[in-house]
There are 4 protein chains.
Amino acid sequence: MVKAAVLGSTGYAGAELVRILSGHPDAEIVYLASHSYAGKKFSDIYPGMRCVCDMTLSDDDIPKATENADVLFMALPAGIASEAVTPELLEKCVVIDLGADFRLHDAKIYEAWYRKEHKHPELLDEAVYGLPEIHRESIKGKKLIANPGCYTTCTILTLYPLIKAGLIDTSTIVIDAKSGTSGAGRGEKLGSMFCEVNESIKAYGVTNHRHTPEIEQELSLASGEDIVLQFTPHLVPMNRGILSCCYAKLKKGVSEADVRSAYGMYSDEPFIRVSDDLPETKYVKGTNMVDISFRIDGRTGNIVAIGAIDNLVKGAAGQAVQNMNIAFGLDETAGLMTAAGPAF
Amino acid sequence: MVKAAVLGSTGYAGAELVRILSGHPDAEIVYLASHSYAGKKFSDIYPGMRCVCDMTLSDDDIPKATENADVLFMALPAGIASEAVTPELLEKCVVIDLGADFRLHDAKIYEAWYRKEHKHPELLDEAVYGLPEIHRESIKGKKLIANPGCYTTCTILTLYPLIKAGLIDTSTIVIDAKSGTSGAGRGEKLGSMFCEVNESIKAYGVTNHRHTPEIEQELSLASGEDIVLQFTPHLVPMNRGILSCCYAKLKKGVSEADVRSAYGMYSDEPFIRVSDDLPETKYVKGTNMVDISFRIDGRTGNIVAIGAIDNLVKGAAGQAVQNMNIAFGLDETAGLMTAAGPAF
Amino acid sequence: MVKAAVLGSTGYAGAELVRILSGHPDAEIVYLASHSYAGKKFSDIYPGMRCVCDMTLSDDDIPKATENADVLFMALPAGIASEAVTPELLEKCVVIDLGADFRLHDAKIYEAWYRKEHKHPELLDEAVYGLPEIHRESIKGKKLIANPGCYTTCTILTLYPLIKAGLIDTSTIVIDAKSGTSGAGRGEKLGSMFCEVNESIKAYGVTNHRHTPEIEQELSLASGEDIVLQFTPHLVPMNRGILSCCYAKLKKGVSEADVRSAYGMYSDEPFIRVSDDLPETKYVKGTNMVDISFRIDGRTGNIVAIGAIDNLVKGAAGQAVQNMNIAFGLDETAGLMTAAGPAF
Amino acid sequence: MVKAAVLGSTGYAGAELVRILSGHPDAEIVYLASHSYAGKKFSDIYPGMRCVCDMTLSDDDIPKATENADVLFMALPAGIASEAVTPELLEKCVVIDLGADFRLHDAKIYEAWYRKEHKHPELLDEAVYGLPEIHRESIKGKKLIANPGCYTTCTILTLYPLIKAGLIDTSTIVIDAKSGTSGAGRGEKLGSMFCEVNESIKAYGVTNHRHTPEIEQELSLASGEDIVLQFTPHLVPMNRGILSCCYAKLKKGVSEADVRSAYGMYSDEPFIRVSDDLPETKYVKGTNMVDISFRIDGRTGNIVAIGAIDNLVKGAAGQAVQNMNIAFGLDETAGLMTAAGPAF
């Protein structure tokens, strides 16, 4: 049994992680921390977990957390992990950071987009970007796994095959993404109130959302050249789900068969379903699946590639467990094969 | 492995059953039928189940369905099961009927509320009302299990201990229940359209909802006298969940301790959580759990007892699997221990 | 033109008041105050009102607010109005308080349910309970109008005719009410967050909600005897609307004709529609209407009477304007005749 | 008083038209037709309109409808108006068609996208594309007004100034639009059921949605050259609202001041609000307003221009009334100045 500690366990991503780990056949939770609710039981905060996880919440005490843990999950606001993770910690256990601090390889880009100093830039080399479908082999030996963002997971996996195969003009990429409200976290803010979100849709972070450089980094690596792209997220009145609608000009002569062939790289992936049917977020709700489909527009010369994930599962906690499974040599799908409900 | 056939597999309850059976460690699906979609794959209708259940849908052909099946689940409109179930069928396999045809012991009451003739009233004696927390022992030997309705499961389990212990004046019972929209089924009707349901709440079936006699039957059995009660369902703009708010005058001298003691009958039940915290349907969403709480009002002399379930799980498919588990001597919780998500 | 000042104008009820007053043919806004947003424009906070009301928000300065105002609307938390309203203020202008401070005639009952001291109990005699359909004549001469609560407006109007006509056993009243989330206000609290409210329903304030004594006061006045009743509110995942489902035993010999005759008292009311069709909150959304219907249950001897309002209009701002219209001798429906949208 | 007849009055757009006309100071409804509900009262179908519009619904009988009408509104499925509108009808009254039949100037393009023959292509020259902010002067003298589509209204008004001023590379236009579910109409189809729409988002009509040629026609007229563009609509779990997010490369040297100057063309428009704040559909809900904002991305060289409307008001019924006001020389804003509620 892999022994797991979770910091930030009462945020939405953290709690989803607790839910998944609670049903994992080869892992057990040994420590749950919550800055806000230390001393209470996890199931006091999430009564749906009564009789499933009634563990008492502790403080964010990393030495205690890692006393008996093989893996430390950190689901914390930006800036905290980069201060807390040290070479000593990495000797003790595997760290899977659900935050943004170790995702960008270049500390300067981090500091430009997150507007805060990175406290351990020297550790960036130790970190692997934990997107298994692209970096599976590198994840295996690493002690520090930077779990990708939600928009980024969905978008990178949707566009990667097209770029890797050199099928699109990378100067024309436009990504129009939509997210459920859990992506905004459990913090009490006006913009997340029911009456403010319900019955409305809006774009936000236009031209400056922090997931932009993360998408650019990974797609640039695939491309071999520096990609700059347009990314626009939207807030949708639903709890969970991300839909990423990606546009680009196809290069001259690229056929539908070329595109299908490129997506063939995913044919053995347990969590990616490429289909002719357009994705809907309800089909991946509660699962670690990525649904992808595309259309080629003969009139405009564009490809429209669309991906869907559950932002809290493949976009956060599920992918973190997938990374844990890989890092510890478990079956990659262990604890993650829940199907979506009957269309909702 | 218990071999299961499902009729009506593409309705919401049927599909939830497919979802649960797909993850069940000791059961396998051998036959799926759908009146509307025979010939297609189950996952064409529910793309969220692609790679999980891609079985081809067959016709409602009971002989074929039961050729290799140990258990036949019927998730069909009222009136069909009572015609299709025969003594010969019951010799071949266990039948678990998710519909209403075998729930009421008295065919006349069935005919009065459902306004159709019962085709096999002589089989009503063979049937057991499949509410395990009350009839567990009787379920074990039976070949015909009448799976209870959604409102009824929630309401009966909430009120049963109070009545069994003789704590309330049964002539004063008022049940005000609320359901998510999946309870109305997958049929295309105006009243189930998004714009008609969203942003509104209404009562329906006031004084004449068909779940009334089912609740009265079971509570009368508990009481030993004929109970007549008020039941009012409401439609709520959400997909899943039932909340049943039950009111009654406490008998003179009944104390809070008496009430707690009565609910103590559930202390070993794996799927019932009695708590001081008021239930919210999100806490049971996707699970087979029943959450129950109560308040005694010293001013009015009433008890207010509130129960919550997921209408498609404990209110339909989950309970059907629980019944299967009991009937086949499996662990009663097998395949049913999914926890609710982080509060949604 | 009646000159109006509004305190608490950026809460949901206050903002709805600004919306209605902005379209009122015989009123104009002269002062808008907001504790949180003083200095900003109203339309900065509610961009939907740009080009409609761009007035700058002021502090809660009552002398300034009433310098040029004929009427002062107070949409403030409990406890503030009872301190701010003085005999001197009432000489200067009419005060319409949307809060609870002057609704209960007995300061002790106020203090017991609101757990705070009432600062001007001597003014309670000056106040009228501003429910026009019941107290229209008394409203005309008063300077201090206590605008009723949302649940209370809906519930009192639904039950009043039955009690006034002596048709029900008042010891058996059970009120099961449901409200949209705007009723919880615009304050940032966890329980009002989108992901906490969406896809769930719950009861709250069971046996102790503060609207209870207000309903009891008005129904006791109608009855001539002290009524104690059961009131249970629920939170529904929608923005607006209240549905109040009221149960009571009919007295012996009461016929459906008697009930119809009792509701006949509303036949000339411009804002009450009694109908055979069960109410749905969408039909009153955005309007000052009250929809009422009832069913008599021959089996149980109960009447089930159901009312629906928009909690922010008839349950708050619309009724406040209706009170203003009466107090200033305007057409009672002025500024209030907006119809609901096409069913949503 | 302008006398109005409405065909298709019980669809969502038709009913919204009835609602607006019912409150219009200078118009009165003289005839309401409904294919499905002839013989019933309008308020039987839309109980929210009881006491506001209780007119009896008639058949789709154009001679009767136009006996006393000055204007005939047609809110009917594609293909019906093009058959029903004749030169004789246009002599009798002004026709405002909310459908698609007279929007495209070229019958061949209509037939290619709608896959049906156009029955009166010779009348296309008589028709004006009823987008007042662009074609106001032409609307004045015309008898046949083709009311624009919902997506198209929002998108054309958002992009028009940029194209008219020659600021963008028109070969790079990508439009990612999102609509509430009322846009799918009141017909009973699986894809519009509550449980299918709620808690999910999807794209549809990718590369082939019928509003594409309508947008291209109007923007091509603005540009003077043939524009081909990418248009992708999405279904959002909300009742009303369209958000249109438009992307294009800015031409070299175009500054933010140039863009502001271009949008200055709307400075006197009563229904367009250009703002620095990003639009949210809730701010235009229930109103005839268009909210527009833009961002220039120095990194990519793109402009992101975003518009929002209520699909049933400015996207259908409100714009139809605006067209009526213009055609009959009334104040263009008559009956249309309702403000949105407090943010929802």
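Residues numbered from 1 in each chain as written. Chains lettered and ligands numbered in written order. Predicted model: local features only at pLDDT ≥ 70, side-chain atom pairs only at ≥ 80, totals over all residues. Heavy atoms only, no water.

Colleague: I tried to follow the nonpolar core on my own but got confused; where do I start?
Modeller: Note that soluble globular proteins tend to have their nonpolar side chains buried in a common cluster. One finds Leu21 and Phe73 of chain B together with Leu21 and Phe73 of chain D to be the most contacted residues of the largest nonpolar core, which totals 113 residues. Those residues in contact with Leu21 of chain D that lie beyond four places of it in its chain are Ala4, Val6, Ala27, Ile29, Phe73, Val321 and Met324 of chain D. Val94 and Leu98 of chain A together with Val128 and Ala317 of chain C belong to the second-largest nonpolar core, a separate cluster that totals 84 residues. (Core = buried A, V, L, I, M, F, W, Y, C linked by side-chain atoms within 4.5 Å. Buried < 20%, exposed > 50% of the residue type's maximum accessible area, 1.4 Å probe, protein only. Contact = heavy atoms within 4.5 Å.)

Colleague: Mind showing me how you'd approach the interface of chain D and chain A here?
Modeller: With 48 residues of chain D in contact, the opposing surface of chain A contributes 48 residues. Of the roughly 4000 Å² buried where chain D meets chain A, counting both sides, 55% is carbon and sulfur surface. Contact with chain A buries area across many residues of chain D, yet Glu199, Ile201 and Arg299 of chain D alone supply 17% of it, more than any other trio. Summed over the shared surface of chain D and chain A, the number is 9 salt bridges. For Asp176 of chain A, the salt bridge is made with Lys178 of chain D, and the minimal N-O distance between the two is 3.0 Å. Counting across the chain D and chain A interface gives 30 residue pairs in polar contact (both at pLDDT 80 or more). Secondary structure elements with two or more residues in the side of chain D that touches chain A: β7 (174-179), α9 (194-197), β8 (202-203), α10 (211-223), β9 (230-235), β10 (242-249), β12 (290-297) and β13 (302-309) of chain D. When its residues are assigned to classes, the side of chain D that touches chain A shows 23 nonpolar, 11 polar and 14 charged. (Buried area = accessible area lost by both parts, 1.4 Å probe. Salt bridge = Lys/Arg side-chain N within 4 Å of Asp/Glu carboxyl O. Polar contact = N/O pair within 3.5 Å; in protein donor to acceptor, adjacent residues only side chain to side chain. Helix = DSSP H or I, 4+ residues; strand = E, 2+ residues; numbered from the N terminus. Nonpolar A, V, L, I, M, F, W, Y, C, P; charged D, E, K, R; others polar.)

Colleague: Help me understand the relation of the copies chain D and chain A, please; the structure alone is not making it clear to me.
Modeller: The two chain copies are connected by a rotation around an axis plus a translation along it. With an RMSD of 0.0 Å, the fit of chain D onto chain A corresponds to turning through 180° and sliding 0.0 Å along the axis. Expressed as a symmetry operation, the mapping of one chain copy onto the other fits a two-fold axis. A share of 100% of the interface residues of chain D reappears at the interface of chain A, consistent with the copies meeting face to face through the same patch. (Least-squares fit on C-alpha atoms with pLDDT ≥ 70 in both.)

Colleague: What's the story with the packing of helix α7 (residues 132-141) of chain A against helix α12 (residues 313-327) of chain A in this structure? I'm lost.
Modeller: Helix packing geometry: the angle between the two helix axes and the distance between the axes. Residues and elements named next belong to chain A. Where α7 contacts α12, the two axes come as close as 10 Å, and the packing angle between them is 40°. In this structure, α7 meets α12 at a crossing whose hand is right-handed. Between α7, through Pro132, Glu133, Arg136, Ile139 and Lys140, and α12, the contact on the second element is made entirely by Lys314, Gln319, Gln322, Asn323, Ile326 and Ala327. Its residues assigned to classes, the contact of α7 with α12 comprises 4 nonpolar, 3 polar and 4 charged. (Axes fitted to C-alpha atoms, helices over the stretch in contact; angles between N-to-C directions. Left-handed = near helix turned anticlockwise from the far one by under 90°.)

Colleague: Explain helix α1 (residues 12-22) of chain A to me, please; I cannot follow it from the model alone.
Modeller: Since one α-helical turn is 3.6 residues long, residues separated by three or four positions face the same way. Counting buried residues in α1 of chain A gives 9 out of 11 residues, a clear majority hidden from the surface. Close packing links the buried residues of α1 of chain A with β1 (2-7), β2 (27-33), α2 (42-45), β3 (71-74) and α12 of chain A together with α9 (194-197) of chain C.

Colleague: When you look at the relation of the copies chain B and chain D in this model, what are you seeing that I'm missing?
Modeller: Rotating chain B by 180° and moving it 0.0 Å along the rotation axis overlays it on chain D with an RMSD of 0.0 Å. Both copies present the same face, since 100% of the interface residues in chain B are matched by interface residues at the equivalent positions in chain D.

Colleague: Sorry if this is basic, but what is going on with the packing of aromatic side chains here?
Modeller: Counting across every chain of the model gives 22 aromatic pairs over all chains. Measuring from centroid to centroid gives 6.4 Å for Tyr263 of chain D and Tyr266 of chain D, while their planes differ by 40°, and the two rings are tilted. The buried category is assigned to Tyr266 of chain D, whose relative accessible area is 2%. Following the ring pairs from residue to residue traces out a cluster consisting of Tyr263, Tyr266 and Phe294 of chain A. (Phe/Tyr/Trp six-rings, centres within 6.5 Å; stacked < 30°, edge-to-face > 60°.)

Colleague: I would appreciate a short explanation of the packing of helix α8 (residues 150-164) of chain C against helix α10 (residues 211-223) of chain C in the present structure.
Modeller: All names here are of chain C. Two elements in contact, α8 and α10, have axes separated by 9 Å at closest approach and are oriented at 25°. Regarding the angle of α8 to α10, the classification is roughly parallel. Crossing hand, α8 versus α10: right-handed. Note on element contacts: α10 touches α8 through His211, Glu214, Ile215, Glu218, Leu219, Ala222 and Ser223, opposite Cys150, Tyr151, Thr152, Thr155, Ile156, Leu159, Tyr160, Ile163 and Lys164. Taken together, the residues of the contact of α8 with α10 sort by class into 9 nonpolar, 4 polar and 3 charged. (Parallel < 35°, antiparallel > 145°, perpendicular 65-115°, else oblique.)

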